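An overview of the molecular structure
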Amino acid sequence: MTLFGRTLGGEEIASLVFLLMALVIWLMAWRGERDWTRWFRRWESGRKARRDEELAREAGGAPPSAPGARRGPWG
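These numbers come from a predicted model, not from an experiment.

A cluster of nonpolar side chains, namely Leu 20, Leu 23, Trp 26, Leu 27 and Trp 30, defines an oily patch on the protein surface of about 550 Å² accessible area. Mapped onto the secondary structure, Trp 26 falls in helix 1 (residues 10-59).

Now the structure itself:
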């Protein structure tokens, strides 16, 4: 086989195939990690929203998003 004017032997072809397989495996693992991260962020934000709503209901006051509510760790 010739690639860019250079003749490739069996060892070089096998190296290219294994390199491409490693790239595909890495991309699949990265995609799974990315999907898991998205799921966790969605779950965590939903849990926080439910908890904030529950705390507001228990306190009987204004919801945490009110203008006078604290925002972040510094107020």
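Tallied over the full model, the rule gives six salt bridges. The salt bridge involving Glu 12 is made with Arg 6; its shortest N-O contact spans 3.2 Å. Where Glu 44 meets Arg 47, a salt bridge forms, and the shortest distance between an N and an O atom there is 2.7 Å. Within this pair, Glu 44 and its partner Arg 47 are both found in helix 1, separated by three residues, close to a single helical turn. Owing to a relative accessible area of 27%, Glu 44 belongs among the partly exposed residues under this scheme.

Thresholds, definitions, all that
- Residues numbered from 1 in each chain as written.
- Predicted model: local features only at pLDDT ≥ 70, side-chain atom pairs only at ≥ 80, totals over all residues.
- Heavy atoms only, no water.
- Patch = residues over 30% accessible without salt bridge, like charges linked within 9 Å, V, L, I, M, F, W, Y side chains within 5 Å.
- Areas by Shrake-Rupley, 256 points an atom, 1.4 Å probe, with all protein chains shown as cover.
- Salt bridge = Lys/Arg side-chain N within 4 Å of Asp/Glu carboxyl O.
- Helix = DSSP H or I, 4+ residues; strand = E, 2+ residues; numbered from the N terminus.
- Buried < 20%, exposed > 50% of the residue type's maximum accessible area, 1.4 Å probe, protein only.

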